[in-house]
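Descriptive analysis of the structure
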Amino acid sequence: MTTRALTGWSGQGQGRTGVVENEAILSEYDRPVLFYVLATAFPWGFWSLAALLSRLPHQNEPVLIGTLLLSVAGLLSPLAVVFLLIRRRPALVADVVNRLHRPKGRGWFFVVCAVALPFLSLMAAQGLSLLFGHGAEQFQLRTGFSFSSGLMPVWVTLLGAAVVEELAWHSYGTDTLVRKMRVFSASMLFTLIWALWHVPLSFIDGYYQNEVVKSGLLYTLNFPASMVAFVVLMNWLYFRSGRSIIVPIVFHAAANVSAELFMTDPDSKVLQTGLLLVLSTVIVISDRALFFGVPRRRADRNRSAGSEARR
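Description of the overall build of the protein chain
Counting its secondary structure elements, the protein chain contains 14 helices and zero strands. Counting only residues that meet the buried cut, the protein chain has 46% of its 311 residues in that class. In the structure as shown, the protein chain presents an accessible area of about 14900 Å², 68% of it carried by carbon and sulfur atoms.

Remarks on a nonpolar patch on the surface
The grouping of W44, L189, L192, L196, V199 and F203 at the surface amounts to a nonpolar patch, some 530 Å² of accessible area in total. At three residues, helix α8 (residues 183–198) tops the list of elements feeding residues into the nonpolar patch. With respect to the helices and strands, the residue L192 is situated in helix α8.

Here we look at the pattern of salt bridges
For the coordinates displayed, the defined rule picks out 11 salt bridges. When the shortest N-O distance is used, the salt bridge between R240 and D287 registers 2.9 Å. Of this pair, R240 sits in helix α10 (residues 217–240) while D287 is found in the loop between α12 (266–286) and α13 (288–292), placing the two residues 47 residues apart along the sequence. Given a relative accessible area of 0%, D287 falls into the buried group. Put simply, E28, D30, R31 and R89 are held in one network by salt bridges that share partners.

Topic: α10
Taking 1.5 Å of rise per residue, 24 residues should cover 34 Å, and α10 covers 35 Å from first to last C-alpha, within 8% of that figure. At F223, α10 shows its maximal bend, which comes to roughly 25 degrees, and the proline P224 appears one to four places after that position. Just past α10, the residue G242 takes up positive phi, approximately 85 degrees.

A short note on the side chain of Q126
Tracing the sequence through the fold places Q126 in helix α6 (residues 107–129). Beyond its immediate chain neighbours, meaning those up to four positions away, Q126 contacts Q138, F139, F262, T264 and S268.

Observations concerning the packing of aromatic side chains
By the definition in use, this model includes 17 aromatic pairs. Relative to Y172, the ring of Y29 lies with its centre 5.2 Å away and its plane at 70 degrees, an arrangement referred to as edge-to-face. A residue pair is termed long-range when its members are at least 10 positions apart, and Y29 in the loop between α2 (19–26) and α3 (32–54) and Y172 in helix α7 (residues 154–178) qualify at 143 residues. When the centroid spacing of 4.8 Å and the interplanar angle of 65 degrees are considered together, the rings of Y238 and F239 count as edge-to-face. Members of the aromatic cluster, connected to one another through ring pairs, are Y29, F35, Y36, W47, W169, Y172, F190, W194, W197, F230 and F251.

Thoughts on empty space enclosed by the protein
Enumeration according to the criterion identifies two cavities of 30 Å³ or more in this entry. Estimates place the volume of the second largest cavity at around 40 Å³. Together, T174, L177, V178, V183, A186, S187, F190, N235 and F239 line the second largest cavity. Elements supplying a minimum of two residues to the lining of the second largest cavity: α7, α8 and α10. By residue number, the principal contributor to the lining of the second largest cavity is α8, which donates four residues. Here the residues of the lining of the second largest cavity are counted per class, giving six nonpolar, three polar and no charged.

Some thoughts on the packing of α8 against α10
Orientation of α8 relative to α10, taken along the N-to-C sense of each, is 135 degrees, at an axis distance of 9 Å. Here α8 is positioned oblique relative to α10, judged by the angle of their axes. Seen along the crossing, α8 lies across α10 with a hand that is right-handed. Each of V183, S187, M188, F190, T191, W194, A195 and H198 in α8 lies in contact with α10, whose residues at this interface are F223, P224, M227, V228, F230, V231, V232, M234, N235 and F239.

Here we look at the side chain of H198
Following the sequence through the fold, H198 ends up in helix α8. Excluding residues within four positions of it along the chain, H198 makes contact with E165, Q209, F223 and M227.

Structural notes on the environment of E28
Checked against the element boundaries, E28 lands in the loop between α2 and α3. Discounting chain neighbours no more than four positions away, the residues touching E28 are R89 and L92.

So, the packing of α7 against helix α11 (residues 246–261)
Where α7 contacts α11, the axes come no closer than 8 Å and their chain directions differ by 155 degrees. Taken together, the axes of α7 and α11 are roughly antiparallel relative to one another. In this structure, α7 meets α11 at a crossing whose hand is right-handed. For the pair formed by α7 and α11, the contact residues are W155, L158, L159, A162, V163, E165, E166, L167 and H170 on the first element and P248, I249, H252, A253, N256, V257, E260 and L261 on the second.

Focus: helix α9 (residues 208–215)
Turning to α9, its buried residues number three or more, namely Q209, N210 and V212. With its buried residues spanning 160 degrees around the axis, α9 presents them on a single face. Looking at the buried positions of α9, the neighbouring elements they touch are α8 and α10. Positive backbone phi, at 130 degrees, marks G216, one or two positions downstream of α9.

Cut-offs used in this document
- Residues numbered from 1 in each chain as written.
- Predicted model: local features only at pLDDT ≥ 70, side-chain atom pairs only at ≥ 80, totals over all residues.
- Heavy atoms only, no water.
- Helix = DSSP H or I, 4+ residues; strand = E, 2+ residues; numbered from the N terminus.
- Buried < 20%, exposed > 50% of the residue type's maximum accessible area, 1.4 Å probe, protein only.
- Areas by Shrake-Rupley, 256 points an atom, 1.4 Å probe, with all protein chains shown as cover.
- Patch = residues over 30% accessible without salt bridge, like charges linked within 9 Å, V, L, I, M, F, W, Y side chains within 5 Å.
- Salt bridge = Lys/Arg side-chain N within 4 Å of Asp/Glu carboxyl O.
- Expected span 1.5 Å × (residues − 1).
- Bend = angle between axes of the 7 residues up to and from the residue.
- Contact = heavy atoms within 4.5 Å.
- Phe/Tyr/Trp six-rings, centres within 6.5 Å; stacked < 30°, edge-to-face > 60°.
- 1 Å grid on protein atoms, 1.4 Å probe; cavity = no way out; pocket = protein on both sides within 12 Å on 5 of 7 lines; lining within 4 Å.
- Points joined across faces, edges and corners; volume = space filled by probe spheres on them.
- Nonpolar A, V, L, I, M, F, W, Y, C, P; charged D, E, K, R; others polar.
- Axes fitted to C-alpha atoms, helices over the stretch in contact; angles between N-to-C directions.
- Parallel < 35°, antiparallel > 145°, perpendicular 65-115°, else oblique.
- Left-handed = near helix turned anticlockwise from the far one by under 90°.
- Arc of directions from axis to C-beta.

Rendered as structure tokens:
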């Protein structure tokens, strides 16, 4: 079965995921520059201060609490920006609330994909790594974690980051780019912004991004490279589930959990990135109408399709 069959995409701008209504509301997400400037500047400020605290010679309780509070403040900042931008706009509030509901119909297929893709791709990468001399112990469950998050339990960090980030990125951040950009172009731009958004975290001692940088150049470069596939797949799941915010939350959470669940060798994570890049390429080619459709033309086709359906 092809991607088009799975998504219900006919090639004429009419799908089964409420695209007509989606195109109409996208024009309301009209503050892309303000959103991304604030959603990046505030985390950079908070996390830069957290990085300074994390490197003080005496890591006593007040310092650890300060680092934690600054880290959480940075994480919550994009969501706070969303609140400020939509709080006096009933149409946007209603749209966001509606998209927080569980997916309907075929949307459940994409929930299953969101859970399965990170785990299956990691298992495939670990299996492939056996051919390069890596051990089968990678398939054992991890008894600890590859990083610390100060006073915050690591599992709370893994799951909480997925929820809070996607509540911002897929309530406002993605739609404000797609309103005037092709989905593929918006995905690439968001990948660049998101990679830069993470940079200060690499200076907070003990945090995941900091440990990645310490592991070497290859694994440092793998982090933004993996984001390319991650964003393409997540946006495909997002739009094909009818812009359900739940789906990218599930995908992000599954990716975070799978990365810490097994004794995965860092080289296997590089292989996983390669596999996901191949998969994302196949999906982009298969669903060209979604990724490369011109926004205005998408809207025109959808209005025309809607008029014909009402006749």
